[in-house]
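Working through the structure, step by step
One letter stands for each residue in the lines below.
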Amino acid sequence: MTKQKEEFKPLRDDEIRMYVCGPTVYDYTHLGHARTYIAFDVIRRYLEHKGYTVLMVMNFTDIDDKIIRRANETGEDPKELAEKFLKYFLEDMKALKVKPADIYPRVTEHIQDIIEFVRKLEEKGYAYGSSDGVYFEVRKYEKYGKLSKVNLEDLRKGVRVEPGEGKKNPEDFALWKKAKPGEPKWESPWGEGRPGWHIECSTMSTKYLGESFDIHGGGNDLIFPHHENEIAQTEACTGKEWVKYWFHTGFVMVSGEKMSKSLGNFVTIRELLQRYSPEVIRFFVLQKHYRSPLDYTEEGIQHAKNNLERLYNTIENIRIAMEKVEVPFKWEKEEFELYETIRDAKKKLYEAMDDDFNTAEAMKPIFEVANAVNAYLTKVEKPKESVLRKALEFFRIISEVFGIFEEYFKEAKETKEEELIELLIEVRSALRKQKNFELADKIRAQLRELGIQLEDTPQGTIWKRINV
Ligand SMILES: Nc1ncnc2c1ncn2[C@@H]1O[C@H](COP(=O)(O)OP(=O)(O)OP(=O)(O)O)[C@@H](O)[C@H]1O
Ligand SMILES: [Zn+2]
């Protein structure tokens, strides 16, 4: 909002409430979307790493002009189309290890809340009904333009009222759209129709995060008009400052143009995942600061892959060395050198991330540690466990914040155990199908003795740990 770096002070001491504009679900997720959501994932992970409790909300636009248009093209039902791509989006985010939002409100499940919001705006004199719906009267909200810095006069000159639009002024935008024949629709005081795009975010964010919260974000293209309109609606309605900090991500670019569905120059996450691991995609994205544009090229991703592999090798080398380490009765110059590199790198890492989540800058200390570790292991015949542990701890922080190196840091024992339980559940259900209930029951009883309780539900067998 101020177009400069601000010191981050959350509204409440230990808690951060954030809202990220989610996707319009009418097509597959592409790398551009993924960049934005990975960026917010790392912002969230870092804040959590720093000890904050983060409450994160992300909406799904599951009814919209684009969805209706696509459904008409493919002959699908708009609801089913949105449902399908919503599911794919969640699958893609899971594959990319983006931590799920705490709440994923969907427009179609919040129509009443939206109607209520529009009604309040009408009551306060900011909205008016017309032949084709309800509009927000932009000139009534004096601070319009405070985020995007657009000038109302310029804006007025730049847009025109399209035929059939019932708005009073060219700059006004729709809060409620009356349904055209065959379109999905809901009852409202203004006739059957559906919400405009911007109103959903004002309604659903304030519903779950309150009238004021800390962070709101999305891609750069959302600054205007989407976020500008969201501010106008919300602040007109509540009379309070709505969002404390705005975050906008730079675009993924292809040959100088924004990667986008409409231009057809996109690569889907599904395609990319056939060629690269999720961690390579994350690492590629994080090599740039989230606000900078990111050029998508094959070489760029390949480069990220090679760099990431160098880091995997380093962690692997530490693991191997740890198996034959000496008890550290004393440290030599080499241990102190490595120790100091790690100590300084950790400081640089935090400085970079504290400076507007600069993941690009944070990469440097990571490679400094990797290089120092590799040099140490080549130089020293009997490495000391204590100093290698410091290096591992450093990489564990990176793992937690960047969402990479998962294989090296997940609790190996636990996952093996879980896999074995799943396997026994499968065997048991196969036995039950063959009507071998005696053996199936025996598996269940013996697992129970080990503190694992199985429950057969309509969705299949689930298990939980119990005290025995
Ligand atoms: N090329 C891109 N780089 C970074 N972020 C992007 C890119 N394209 C879309 N986004 C962001 O992804 C989020 C979801 O976008 P949305 O579902 O509205 O897609 P969209 O803007 O319709 O995509 P497209 O431009 O491909 O049609 C938004 O925050 C948007 O700014
Ligand atoms: Zn939004």
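Residues numbered from 1 in each chain as written. Chains lettered and ligands numbered in written order. Predicted model: local features only at pLDDT ≥ 70, side-chain atom pairs only at ≥ 80, totals over all residues. Heavy atoms only, no water.

**Remarks on the site of ligand 1**
Note the cut-off: Nearness is judged by heavy atoms alone; a residue qualifies as near a molecule or strand once a single heavy atom is within 4 Å of it. Polar contacts, as counted here, are pairs of nitrogen or oxygen atoms within 3.5 Å of one another; within protein the pair requires one atom able to donate a hydrogen and one able to accept it, and residues that are adjacent in sequence qualify only if both atoms are side-chain atoms. The Shrake-Rupley method, run with a 1.4 Å probe sphere, supplies the accessible areas, and residue values consider only the shown protein chains as cover. Only DSSP runs of H or I reaching four residues or more are called helices, and only runs of E reaching two or more are called strands; each is numbered from the N terminus. Throughout, the ten residues Ala, Val, Leu, Ile, Met, Phe, Trp, Tyr, Cys and Pro are labelled nonpolar, Asp, Glu, Lys and Arg are labelled charged, and all others, Gly among them, are labelled polar.
As a structural note, the neighbourhood of ligand 1 is formed by 20 residues, with Thr36, Lys66, Asp221, Lys258 and Lys261 the closest of them. Here Lys66 contributes a side-chain N or O atom positioned 2.8 Å from an oxygen atom of ligand 1. Taking Met259, its main chain carries an N or O atom lying 2.8 Å from a nitrogen atom of ligand 1. The fraction of the free accessible surface of ligand 1 (590 Å²) that becomes covered by protein chains is 96%. At the level of secondary structure, the elements contributing two or more residues to the shell around ligand 1 comprise helix H1 (31–49) and strand S7 (213–219). No other element matches the four residues that H1 contributes to the shell around ligand 1. Grouping the amino acids of the shell around ligand 1 by side-chain chemistry returns seven nonpolar, nine polar and four charged.

**Focus: the sheet that holds strand S2 (residues 53–58)**
Counted only if it meets this: Strands pair, by our definition, only if DSSP identifies at least two bridges between them. Throughout, an axis means a line fitted to C-alpha atoms (over the contacting stretch in the case of helices), and angles, computed between N-to-C directions, take values from 0 to 180 degrees.
Taken together, the four strands give an open sheet; going across it, the order is S2-S1-S7-S8, and neighbouring strands pair in parallel fashion. Of all strands in the sheet, those bounded by a partner on one side alone are S2 and strand S8 (243–249). Going across the sheet, the axis of each strand differs from the next one's by a mean of 20°, ignoring polarity. Here strand S1 (residues 15–20) runs beside S7; their pairing, made up of three bridges, is parallel.

**Section: the coordination of the zinc ion (ligand 2)**
Put simply, the rule reads: Water is absent from the atoms considered, so a metal site may look incomplete; donors are defined as N, O and S atoms within 2.8 Å of the metal, or 3.2 Å for Na, K and Ca. Sites are called tetrahedral only when four donors show all angles between 85 and 135 degrees, square planar or octahedral only when four or six donors show opposite pairs over 155 degrees and all other angles between 65 and 115, and irregular in any remaining case. Buried residues are those whose accessible area, probed at 1.4 Å on protein chains only, stays under 20% of the maximum for their type, while exposed residues exceed 50% and partly exposed ones sit between those limits.
Within the protein, the atoms that donate to the zinc ion (ligand 2) are Cys21 (SG), Cys201 (SG), His226 (NE2) and Glu230 (OE), at distances of 2.0 to 2.3 Å. Around the zinc ion (ligand 2), the four donor atoms are arranged such that angles at the metal cover 68 to 126°; this shape is classified as irregular. Along the chain, the residues that donate to the zinc ion (ligand 2) are spaced as C-x179-C-x24-H-x3-E. Of this pair, Cys201 sits in helix H6 (residues 197–209) while His226 sits in helix H7 (residues 223–238); the two residues are 25 residues apart in sequence, bridging distant segments of the chain. Assigned by exposure class, Cys201 and His226 land together as buried.

**Points about the pattern of salt bridges**
This is how the line gets drawn: Any carboxyl oxygen of Asp or Glu that lies within 4 Å of a side-chain nitrogen of Lys or Arg is treated as forming a salt bridge with it.
Tallying each qualifying case throughout the model produces 54 salt bridges. The closest approach of N and O atoms between Glu137 and Lys140, which form a salt bridge, is 3.4 Å. The network of salt bridges with common partners includes Arg44, Glu48, Lys99 and Asp102.

**Focus on the pairing of strand S5 (residues 173–178)**
The pairing of strand S4 (residues 133–136) with S5 spans four bridges and is classified as antiparallel. Paired with Phe136 across the two strands is Phe173, which belongs to S5. Direction of pairing for S5 relative to strand S6 (residues 193–195): antiparallel, over a ladder of three bridges. Note that in S6 the partner of Trp176 across the bridge is Pro195.

**Examining the nonpolar core**
Heads up, the rule is: Throughout, nonpolar core names a set of buried Ala, Val, Leu, Ile, Met, Phe, Trp, Tyr and Cys residues whose side chains join them through atoms within 4.5 Å. Note that domain bounds follow an automatic or database assignment of domains. Two residues form a contact once any of their heavy atoms are found within 4.5 Å.
Core analysis: the biggest nonpolar cluster contains 91 residues, and Leu31, Tyr296, Met353, Phe394, Phe395, Phe402 and Phe405 have the highest contact counts within it. Both domains that meet at this core, namely domain 1 (15–281) and domain 2 (297–402), each give it at least three residues. Sequence-distant contacts of Met353, defined by excluding residues within four places in its chain, comprise Val42, Tyr46, Asn358, Thr359, Ala362, Val401 and Phe402. Tyr19, Cys21, Leu121 and Tyr126 belong to the second-largest nonpolar core, a separate cluster that totals 40 residues.

**Some thoughts on the UniProt feature "binding site: ATP" (unreviewed entry) in the chain**
For the record, the criterion: UniProt positions are given in the numbering used here, feature names are shortened, and annotations may be inferred rather than shown by experiment.
Here, UniProt's "binding site: ATP" (unreviewed entry) annotation points to Lys261. Residue position: Lys261 is located in the loop between strand S10 (257–258) and helix H8 (269–275). Among residues more than four places away in sequence, those in contact with Lys261 are Thr24, Tyr26, Asp27, His30, His33 and Phe266.

**As for the packing of helix H10 (residues 298–322) against helix H13 (residues 385–403)**
Packed helices, taken two at a time, are described by the angle between their axes plus the distance between the axes. Let me state the cut-off plainly: By convention the crossing between two helices is left-handed if the near helix lies anticlockwise of the far one by an angle smaller than a right angle, and right-handed if it lies clockwise.
The contact between H10 and H13 brings their axes to 10 Å, and the two run at 145°. Here the hand of the crossing between H10 and H13 comes out left-handed. From H10, Leu311, Thr314, Ile315, Ile318, Arg319, Ala321 and Met322 reach across to H13, where they touch Glu385, Leu388, Arg389, Ala391, Leu392 and Phe395. Residues belonging to the contact of H10 with H13 are distributed by class as follows: nine nonpolar, one polar and three charged.

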